[in-house]
Amino acid sequence: ATLWMKLGKHNPPTVYKFAFGAIIAGLSYLVMIIPLATGNELINPLWLVLSFLLITIGELCISPVGLSTTTKLAPITFTARMMSLWMLSNATAQGLNAQLVVVYTRMNQSDYFMYSGLVAVVIGVLLLLISPKVKRAMKGVY
């Protein structure tokens, strides 16, 4: 929140924050390919710290911004319902992620992190590409 406030008039629109968050989260997965490529069973824990740092930064670009945008865009009588849907979307994503554990055990670890990271980065890039339409649809809510 401090970063967005300090940026002032250079504060990016919400859709950009979502896109940057998805791209940074994707990078957190792609970073894990590097230590796995060495073939060592034990890796330096700093790789995990870097991965968690990136995923946290990505999450901070998405979650609080999404909560704020949900309340701003929802009609007043539907604010609580829309907040519930926001939370439900997060819970659904966590449930899907839990199902992907099966995939992790059946494929090469590097491939798992590569595909997971690439999907998140592609989603972020797609958000950037459609951002003009999304900004218009948000009608001035940034």
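Everything below is about the structure shown above.
Residues numbered from 1 in each chain as written. Predicted model: local features only at pLDDT ≥ 70, side-chain atom pairs only at ≥ 80, totals over all residues. Heavy atoms only, no water.

Draft legend 1. Structural view of the overall build of the chain. Across its full length, the chain carries six helices and zero strands. Reading the chain from its N end, one meets helices and strands in the order α-α-α-α-α-α. Seen along its three principal axes, the alpha-carbon backbone of the chain occupies a region of about 55 × 30 × 25 Å. Each of the 142 residues in the chain was classed as buried or not, and the buried ones make up 28%. (Helix = DSSP H or I, 4+ residues; strand = E, 2+ residues; numbered from the N terminus. Buried < 20%, exposed > 50% of the residue type's maximum accessible area, 1.4 Å probe, protein only.)

Draft legend 2. Inspection of the environment of L85 at higher detail. Tracing the chain through its elements places L85 in helix α5 (residues 79-106). Spatially, the C-alpha atom of L85 lies 43 Å from that of N40, the residues being 45 residues apart in sequence.

Draft legend 3. Expanded view of the packing of aromatic side chains. The full count for this structure, using the stated rule, is six aromatic pairs. Consider the rings of Y16 and F20, whose centres lie 6.2 Å apart with planes at 50 degrees: the pair is tilted. Taken together, the positions of Y16 and F20, both in helix α2 (residues 14-31) and four residues apart, correspond to about one turn of that helix. Residue Y16 is classed as partly exposed on the basis of its relative accessible area of 25%. A ring pair is formed by Y104 and F113, whose centres lie 6.1 Å apart and whose planes are at 75 degrees; its orientation type is edge-to-face. A relative accessible area of 29% means that Y104 is categorised as partly exposed. The rings of Y29, Y104, Y112 and F113 are connected pair by pair, giving a single aromatic cluster. (Phe/Tyr/Trp six-rings, centres within 6.5 Å; stacked < 30°, edge-to-face > 60°.)

Draft legend 4. Seen up close, the packing of helix α4 (residues 45-73) against α5. The interhelical angle for the contact between α4 and α5, taken along N-to-C directions, is 155 degrees, at an axis separation of 9 Å. When the axis of α4 is compared with that of α5, the two are roughly antiparallel. Between α4 and α5 lies a crossing of right-handed hand. Where α4 abuts α5, its residues I62, S63, G66, L67, T70 and T71 lie against T79, M82, M83, W86 and M87. Considered class by class, the residues forming the contact of α4 with α5 number six nonpolar, five polar and no charged. (Axes fitted to C-alpha atoms, helices over the stretch in contact; angles between N-to-C directions. Parallel < 35°, antiparallel > 145°, perpendicular 65-115°, else oblique. Left-handed = near helix turned anticlockwise from the far one by under 90°. Contact = heavy atoms within 4.5 Å. Nonpolar A, V, L, I, M, F, W, Y, C, P; charged D, E, K, R; others polar.)

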